[in-house]
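# Tertiary structure, described
What follows is each chain in one-letter form.
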Amino acid sequence: TGNQRIYLLDAALEPVPVGIAGEAYVGGDGVVRGYLDRPDLTAERFVPDPFAVDAGTRMYRTGDRLRWTVDGRLEFVGRVDEQVKVRGFRIEPGEIEAVLCAHAEVREARVIVREDAPGEQRLVAYIVGGADAEALRDHLRRSLPEYMVPGGFVAMESLPLTPNGKLDVKALPAPEYGAGEDRYVAPRTPAEEVLAGIWSEVLGTERVGVEEGFFELGGHSLLATQVVSRARQAFGVEVPLRALFETPTVAGLAERIEALRVTGAMVAPPMERVSREGPLPLSFAQQRLWVVDRLEPGSAAYNMPFALRLRGTLDTGALRASLDALVARHETLRTTFAEQGGVPVQVIHPAAPVALVALDLRSLPAGALGREVERLASEEALRPFDLAHGPLLRSTLLRLGDEEHVLLFTLHHVVSDGWSMQVLVREVSALYGAFTRGEEPRLPDLPVQYADFAVWQRAWLRGETLEALIGYWKERLAGAPPLLEIPTDHPRAPGMVPLAASHGFTLSSGLSQGLRTLSREQGATLFMTVLAGWQALLWRYAGQDDVVVGTPIAGRTQRETEGLIGFFVNMLALRGDLSGDPTWTELLRRTRETALGAYEHQELPFERLVEELEVERSLAHAPVFQVTFELDRSAASGGLALGELAAESFGAGESAAKFDLDLAVQDGGDALSGALTYRASLFEAATIERMAGHLEAMLEALSAGAGRRVSEVSLLRAAEREQVVEAWNRTARPWPRGVCIHELFEAQAALRPGAPALVWGDAELTYAQLDARANRLARHLAGLGVGPESRVGVLLERGVELIVSILAVLKAGGCYVPLDPGYPAERLRMMLDDSSVRVLLSRSDVAFAAEAGDVSVVLLDEVADILARESAEAPRSGATAENLAYIVYTSGSTGRPKGVMVAHRHVVQLAVE
């Protein structure tokens, strides 16, 4: 009924009201369940709780929408029956009301959607209190995105109510939209009138005032490109995209366009249909993919899978007819690629029925059905295409139930892009709807086809135009690093499997709104702001001031191409400059300039840029950039449909990765969500999950203080900081004081006598054998007078005898001095004299052994029989941990070797740690 109270059941299954005791929500057992984020709203929003012991306790009503915040609070976000949609954005009026009521001068507020003029839906706020409209606008903008700020404010002494106490919407007066309220100013010149019409069409609103900001009305970079293409067509001048960013009002842009008409700025020629007689060239983008396909035939890296889950009664015949009509409408879907005289050409085939593979999975048990659908979707997504024979569009229909299907589309990138997928779904939906109603489909005629675009592109991008574009990009990317050195979990190797994996994440509503607000304040778009945070994170990971990130751009700079299916998307190389440890404000300024410059020169195909840069090709990584970023706003445009069938996007299973890392952020109107796609052959899932957390930390720092320097940001959350800084550094452990190195070895030999202790080639000694041999040699050395602090030179090649000799010297109590037989005789003599060596262990085949002079030389190969008769018991030398264990010589800063004396206790401490 909308007035029912909400109850929770405790462990005893007794009804317990969820009330508010002060600010805390408590259950019947007295345990705090959560906290109310806006306690001052309880008097208006919630009803008294008759079951509560404490006075003032309130309850929610059925239909109230709530969400848990990260700090355990319950936040009221409106009613399920009050959600509205304005300009493509889903809005909770209750959320706006909550922010309004937080203003000190507002006692009560209600927000509704009015349509005082046909097609003009506006948010209007009715306020009881003394705050003026501009103050309330500023107050809302600090917490909410621009699209949630009402266009009109009406001050009232009290809100009108119906007899049963509800708001009387019909009694609310219409607002007076004045300059101070709606800021609507009608067009005053022909140019303003034309531009206002263009903005209205692109933004999807009935009326646009000439003083209203494009980005405040919901515009972004992609829509800005559409405005520019329409303005170009309407006024016959080349309008730079930068002009819309610098003068984001109809009035300001009209002035710029009038100035450009005076100067006669060069404009691209119109796009026209060309004859289909004779060979048709590929576009630059198509040519690159054709070359890639020849280099890596059978690769699925450029497959474009898209899947829809359909709910409702499906007319399979109408679906087949829709696909046939779609392919007949778009030449690119019936195009293959041949080679004539060593040059690739497009071959357009006549329209023919489309193969729709139908698989009935209804007989599978519920547990196996989902796995089979995922398997089939992944298999289809990775199945290669044959560009020479086609078809380059595949369709598969999986029947899961009588009224549930999954429709799989797979296209090759050479005939499609992300925009094309939206065109495909939109047109198939319209065609299917018409066929199911028995009507003739009425889609608007296409002015040109993709082949016409390819011919136009090659005619336009040549001569001075091409040279200017090439010159800009060459200068912009001069000296850029060819590879972003991000640490990977696995080594990079040519021919590695490009299988992609993905990690999804969501940014909080508060952070998302903070990024939008910062973008507005800094004169940037949300894309530019998130890009700055992403490049800053890559800078921290790679340690490079130069960070080149690729971003896809629609590439449909001409209005004629907006309704086509084809490969128009272009990749822009955005070079981030993080030199000099900039502040966030400075980094945003640099990012904005880089993006605007790239947008103005976006016509140069990335494929041609790679050729001009003469980048060395590698099968191990992509050229120019290996990391990408894109911002998708399609979620804000509403849901999917297929005629009258309900549709939703369905994961298409496994896919191939084109780049090392691809960050895709989706702006759904409230919280930003993202997906970090990566090469599974390079990174582990845990690494990418950690990277997503670091990105969130970087964006939080950016949103919180644009004046801080990027280097001041800590990427570690509390839990990760505790692990990295505290837990991983808790390495302290007790170590045996007063123990010598050889005593530790003897303890291990007693514990594991039969275990292998030394392996050299084919030779292997157990702990017991190594201990016995070292004991015999130690006793022999003791007989020669070796004891604590005695220096014994060890002049031996690497091998078993070297290890036995070192251990024997320590057991005898002596200090060994390692000597390399490869050293010059002069250096060895100096080391012997400097260290006061009196005994030298060596072999008869070592040249210097015969030149040792007054040092007592023990040749191990000559005393082998004597050693065999020595006792295998360990000698007791009397050495302590403070005695020297060895002297090692370094090169010395003066060129003369210097001996470093190391005691037993120092080595024991290192060995134990």
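Here we summarise the structure given alongside this text. (Residues numbered from 1 in each chain as written. Predicted model: local features only at pLDDT ≥ 70, side-chain atom pairs only at ≥ 80, totals over all residues. Heavy atoms only, no water.)

A cis amide bond, omega -5°, links Gly390 with the succeeding residue Pro391. Along the chain, Pro391 falls in the loop between helix H10 (366–382) and strand E20 (393–401). If you check the backbone angles, Val624 has positive phi at about 75° while not being a glycine. As for its placement among the helices and strands, Val624 is situated in the loop between helix H17 (606–613) and strand E25 (627–632). You can call Val624 buried: its relative accessible area is 11%. The backbone phi angle of Glu789 is positive, close to 75°, even though this residue is not glycine. Locating Glu789 in the fold gives a position in the loop between helix H21 (767–783) and strand E32 (791–795). (Helix = DSSP H or I, 4+ residues; strand = E, 2+ residues; numbered from the N terminus. Buried < 20%, exposed > 50% of the residue type's maximum accessible area, 1.4 Å probe, protein only.)

Right, let's talk about the sheet that holds strand E15 (residues 280–281) for a bit. What links the strands of a sheet is backbone hydrogen bonding, and the strands pair in either a parallel or an antiparallel sense. Read from one edge to the other, the open sheet built from three strands follows the order E15-E18-E17, with strand pairing classed as antiparallel. Across the chains shown, the open sheet's two edge strands, defined by having one partner strand only, are E15 and strand E17 (335–340). Inspection of the sheet shows E15 paired to strand E18 (residues 343–348) by two bridges, in the antiparallel sense. When the sheet's bridge partners are listed, Leu280 is paired in E18 with Gln346. Along the sheet, helix H8 (residues 284–295) makes contact with E17 and E18, crossing E17 at roughly 75°. (Pairing = 2+ DSSP bridges. Contact = heavy atoms within 4.5 Å. Axes fitted to C-alpha atoms, helices over the stretch in contact; angles between N-to-C directions.)

What follows is about the packing of aromatic side chains. Within this structure, the stated rule accounts for eleven aromatic pairs. Pairwise contacts between aromatic rings join Tyr450, Phe453, Trp456 and Phe568 into one cluster. Directly above the aromatic system of Phe385 lies the positively charged group of Arg394, at a separation of 3.9 Å from the ring centroid. Across the ring face of Tyr823, the terminal group of Arg827 is positioned such that the distance to the ring centre comes to 4.5 Å. (Phe/Tyr/Trp six-rings, centres within 6.5 Å; stacked < 30°, edge-to-face > 60°. Lys NZ or Arg CZ within 6 Å of the ring centre and 35° of its normal.)

What follows deals with helix H3 (residues 133–141). When H3 is considered as a whole, its buried residues turn out to be Ala133, Leu136, Arg137, His139, Leu140 and Arg141. Backbone nitrogen of Ala135 and a side-chain oxygen of the N-cap are separated by 2.8 Å at the start of H3; the cap is Asp132. (Polar contact = N/O pair within 3.5 Å; in protein donor to acceptor, adjacent residues only side chain to side chain.)

With 130 residues, the main nonpolar core has Trp199, Trp534, Trp584, Tyr599 and Phe629 as its most contacted residues. Ignoring anything within four residues of it in the chain, the contact list for Trp584 reads Ala532, Gly533, Ala536, Met698, Ala701, Leu702, Gly705, Ala706, Arg708, Val710 and Val713. Membership of the second largest hydrophobic core comes to 31 residues, among which are Tyr767, Val800, Val809 and Ala812. (Core = buried A, V, L, I, M, F, W, Y, C linked by side-chain atoms within 4.5 Å.)

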